[in-house]
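What follows is each chain in one-letter form.
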There are 2 protein chains.
Amino acid sequence: MAKLIKDGTIGMDTFPSVASFAAAVGKMEGDGPLGHCFDYITEDATLGESSWEKSESKLQQYAFSNALSKGGFSEKDIDVLFAGDLLNQCVSSSYGAKDSNVPFLGLFGACSTMAESLALASLFVDSGMAVNAAAVTSSHFCSAERQFRFPVNYGGQRTPSAQWTATAAGCAVVSVHDKAPYVKAVTIGKIKDMGVTDANNMGAAMATAAYDSISRHLANTKQSIDNFDLILTGDLGQVGSDILVELFRKDRVDISKKHNDCGLMLYDMEKQDVHAGGSGCGCSASVLCGYVLQEVQQSKLRNVLFAATGALMSPTIVQQGESIPGISHVVHISADS
Amino acid sequence: MAKLIKDGTIGMDTFPSVASFAAAVGKMEGDGPLGHCFDYITEDATLGESSWEKSESKLQQYAFSNALSKGGFSEKDIDVLFAGDLLNQCVSSSYGAKDSNVPFLGLFGACSTMAESLALASLFVDSGMAVNAAAVTSSHFCSAERQFRFPVNYGGQRTPSAQWTATAAGCAVVSVHDKAPYVKAVTIGKIKDMGVTDANNMGAAMATAAYDSISRHLANTKQSIDNFDLILTGDLGQVGSDILVELFRKDRVDISKKHNDCGLMLYDMEKQDVHAGGSGCGCSASVLCGYVLQEVQQSKLRNVLFAATGALMSPTIVQQGESIPGISHVVHISADS
C-alpha cells in the first residue's frame, strides 16, 4: 500500500496504472501543435449548450466518457471520481457528474487540479480503496473570462504576462491493471505566497510553489532531475517558467533542458495570440491526458515529473488587495513498473 | 489498510482516532444551545480583519490551531491538511492555511466538506499515507450572505425555508493514536439532483443525497439504524429533515428517533431567528468538532453516523434556472475500536 515517505511525499507500492485517458478541447486548442493528440475537438465553443458553464460541464463529460470507453470501462466500474475546476463552487464538475451514479469527491486546486485528482486517484487504487478511480478537470475560456476578468464580448486588452484560459478537459482512469503508464509517487503541495498581487501575472505567483514541490519530491525520493526525461509544469507560462529555471539555477541545477510547461505546449506561442501561454485546469489536463500519457504509454518518454500548479485566488480577494498564493502537486508517471 | 467494501463504502482496518478536535464560532452560535462546547467564541464578527473573507480565514486558523494545541500537536506533525469552504475558489481555506507549512489538499463539497475532509483524513491515516491528518472547514454569515444572496446591510427578507449560514469553523485531527473517537467506515456521496431550483430551499435539494448515502452505508456495511445512537445530518434544517424522515418511512424505517440535524442543533430554533435552521460548512463542522466528538469521546454516544450534506450550486447557475444537486458523505464515528 501507498506509504508516506516524508514531508508530503507518498510512494506507491503496487504502481497503479493510468489505464485510460482522454482529452476534449476547443477549436483553438485543436488548431495548436498538439491538435492531433486530442480525442474530441469542438468547432462550437458552446457545445450546443445555453450557458458557458454548461458548455464546460459538457466538455468534462466528453473527456470522462471518452476515457471510459477507450479503456473498456463503464460508469459502474468507477469506484470514485475526483473532480474540480475553476468556476465558483466548482459547478462545471458537479453539473458534469450529476447524471452519473459514481461516488464523487469534489476538489479545489485551481489549475493544479489535474495533479491533485490524479494523485488522489492513484493513492486510492494503490491502497485498495478503489479498483478503478477517475480524475477529471476542465476549464473554458468563456466561463473563466467572464468570472475572473470581463465578459468575452467586452473585448478587454490583455497584458503581456496574462495567460490564456484553455477550453479543454482531461480525464485519467487509474486502475489496478498492470500496464504503462504507471504512477510511482506523489508529492502533495504546500501553499506558497510570494506577495504577487497582479492577477494578470499568475505564472510568477505559482513558480515558487512548483519549485518547492519539485525540489521536495526529488529530495524526499532521493532522485535528481537526471532520473526524468521531462519535468512538466502546468501552467506557469513563459514568465513563470523563466522564474522556475532561475530558482533552480540558484541551487546549481539547470532544469532548462528537462523542463517544459503545459501552458507553452498547448498553443503555438508564435502564431496563436496567447501572450504568456495557456492556463486553466483544462490546459495541463489536456496536455497530460492528450499528449504526455500517450508518449509514456509508447515509451517515448520514460519518466515524467508532472507538477501542475494552481493560483489559489478569487477575484474578490484580489480586488481587496491581497496577494495570490500558489500551490503545486507532483505526480511521477513512468513507463516502467 | 482501508478497503473498498462496495459502491462508495470503504471500511477502515486500523480504526484511526480523531485524536483532537476544536470549534471556533461567532457570537450567535456561542449564544445557542451548544455554546458551552466551543473552544473559541468571538464577540466581534470581523475578528479584527478588514474583510469578511479574512475574518472567515481567521476563524479557520483558530479551529486548526486549537485542535493542534489540544492534541499536543505542532504544525510539523500534520502530514496533510484537507480543507475547503463555500467561498468562490475556496479562499478562506487557502488563505487560512497559506502561512502554515503543511501539505494541503483543497476540497469542494459545499456544506458536506466536514464529512468529506474527515473521511479523506481517516482514509489517509488508516492506509499509512499519513500519521496525522487534519480536516478543517468554515463558513461565515457575512461572507456567505454577500456572495450567495445580498450584502448584509441590504437587510433582505428571508423566506421561511431559508437557512442561516453559521459563522463557525471546525477542525479534527485524525491520528494513528489508539483512543476514542474512532473512525470505522466511510461512504462517499453520489450527486443527486431532485430538480429543486429554489436556492432558499436547500434542505429539500439535499435530503435525497443524505437518504442515498445513509441507506447505502447501512446496506453496504450490513447494519441498520439500530447500530447507531445518532444519525446526524448536516445541514438539512427543518424542511430537509422532514423530507429525510419521510424518505426512510417509505422503506418502513423510522429514523425520527435516531435522527438529528446539525442545522437544528446549533441554534435555539424557537428563540434565535434562523428560520429553517443553520447551514454553511461551519455548521456541521462546529456541531461535530464542538459537541458530537466530545460526546463520543466520553462514551455518551457510542456510534454516530455523520452525514454532512452539501448543495453543489453557484449563484450563477441558479440564476440561469438550473436545479441544485446535492451530495452527502458519511462517516461512522464510534466510541469502540
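All values reported here derive from a predicted model rather than from experimental measurement. (Residues numbered from 1 in each chain as written. Chains lettered and ligands numbered in written order. Predicted model: local features only at pLDDT ≥ 70, side-chain atom pairs only at ≥ 80, totals over all residues. Heavy atoms only, no water.)

Q: I'd like a description of the pattern of salt bridges, backed by residues and values.
A: Residue and element names in this part refer to chain A. Overall, the coordinates contain 26 salt bridges over all chains when judged by the stated rule. We note a salt bridge from aspartate 31 to lysine 27, for which the minimum N-O separation is 2.9 Å. Given the relative accessible area of 38%, lysine 27 is considered partly exposed. Through salt bridges with shared partners, a single ionic network connects Glu145, Arg149 and Arg158. (Salt bridge = Lys/Arg side-chain N within 4 Å of Asp/Glu carboxyl O. Buried < 20%, exposed > 50% of the residue type's maximum accessible area, 1.4 Å probe, protein only.)

Q: Give me the interface of chain B and chain A: which residues, what numbers.
A: Each partner contributes to the interface: chain B provides 63 residues, whereas chain A provides 63 residues. Roughly 5000 Å² of surface becomes buried between chain B and chain A when both sides are summed, with 61% attributable to carbon and sulfur atoms. Joining chain B to chain A, the criterion identifies four salt bridges. Taking the shortest distance from any N to any O, the salt bridge between lysine 54 of chain A and glutamate 322 of chain B comes out at 3.0 Å. On the surface where chain B and chain A come into contact, there are 26 residue pairs in polar contact (both at pLDDT 80 or more). (Contact = heavy atoms within 4.5 Å. Buried area = accessible area lost by both parts, 1.4 Å probe. Polar contact = N/O pair within 3.5 Å; in protein donor to acceptor, adjacent residues only side chain to side chain.)

Q: Which residues make up the packing of helix H6 (residues 202–220) of chain B against helix H7 (residues 237–250) of chain B, and what values do they have?
A: Two quantities define a packed helix pair, namely the angle between the helix axes and the distance between the axes. All names here are of chain B. Two numbers describe how H6 lies on H7: the axes approach to 8 Å, and their chain directions differ by 40 degrees. Relative to H7, H6 is oriented oblique. Crossing angle aside, the handedness with which H6 passes H7 is right-handed. Taken together, the residues of H7 that come into contact with H6 (itself represented by Gly203, Ala204, Ala207, Thr208, Ala210, Tyr211, Ile214 and Ser215) are Gly240, Ile243, Leu244, Leu247 and Phe248. A class-by-class count of the residues in the contact of H6 with H7 yields nine nonpolar, four polar and no charged. (Axes fitted to C-alpha atoms, helices over the stretch in contact; angles between N-to-C directions. Helix = DSSP H or I, 4+ residues; strand = E, 2+ residues; numbered from the N terminus. Parallel < 35°, antiparallel > 145°, perpendicular 65-115°, else oblique. Left-handed = near helix turned anticlockwise from the far one by under 90°. Nonpolar A, V, L, I, M, F, W, Y, C, P; charged D, E, K, R; others polar.)

Q: Could you give an account of helix H2 (residues 52–70) of chain A, naming the residues involved and the relevant values?
A: Residue and element names in this part refer to chain A. With 19 residues, H2 ought to run about 27 Å at 1.5 Å a step, and its terminal C-alpha atoms sit 27 Å apart, in line with that. Every buried residue of H2 is listed here: Glu53, Ser55, Glu56, Ser57, Leu59, Gln60, Ala63, Phe64, Ala67 and Leu68. A positive backbone phi angle near 70 degrees is found at glycine 72, which sits one or two residues after H2. (Expected span 1.5 Å × (residues − 1).)

Q: Pulling in residues and values, what's your account of the pairing of strand E15 (residues 326–334) of chain A?
A: Note on strand geometry: in a regular strand, side chains alternate between the two faces of the sheet. Residues and elements named next belong to chain A. Extensive coverage of E15 is indicated by the burial of nine of its nine residues. Judged from the five bridges that link them, strand E10 (residues 182–187) and E15 form a sheet pairing that is antiparallel. Bridging across to E15, tyrosine 182 finds its partner in serine 334. In terms of strand pairing, strand E14 (residues 303–311) meets E15 through nine bridges, oriented antiparallel. Within the sheet, the bridge partner assigned to glycine 310 lies in E15 and is isoleucine 327. (Pairing = 2+ DSSP bridges.)

Q: Talk me through the side chain of lysine 190 of chain A; I want residue IDs and the actual numbers.
A: Relative to the assigned elements, lysine 190 of chain A resides in the loop between E10 and helix H6 (202–220). There is a polar contact of 2.8 Å between the side chain of lysine 190 of chain A and the side chain of aspartate 7 of chain A.

Q: Tell me about the environment of serine 138 of chain A, and name the residues and values.
A: All names here are of chain A. Structurally, serine 138 is set in strand E7 (residues 132–139). Along the chain, serine 138 and aspartate 193 lie 55 residues apart, while their C-alpha atoms are 25 Å from each other. In this structure serine 138 touches Glu56, Gln60, Gly84, Asp85, Leu86, Ser92, Ala168, Ala169, Cys281 and Gly282, once residues within four positions along its chain are discounted. Side-chain polar atoms of serine 138 contact the side chain of glutamate 56, separated by 2.9 Å. There is a polar contact of 2.7 Å between the side chain of serine 138 and the side chain of glutamine 60.

Q: Which residues make up the side chain of serine 328 of chain A, and what are the values?
A: Residues and elements named next belong to chain A. With respect to the helices, strands and loops of the structure, serine 328 is situated in strand E15. The exposure class of serine 328 is buried, given its relative accessible area of 0%. A distance of 3.1 Å separates a polar side-chain atom of serine 328 from the backbone oxygen of alanine 308. Discounting residues that sit within four places of it in the chain, serine 328 has contacts with Ile188, Gly189, Ala209, Ala210, Ser213, Ala307, Ala308 and Thr309.

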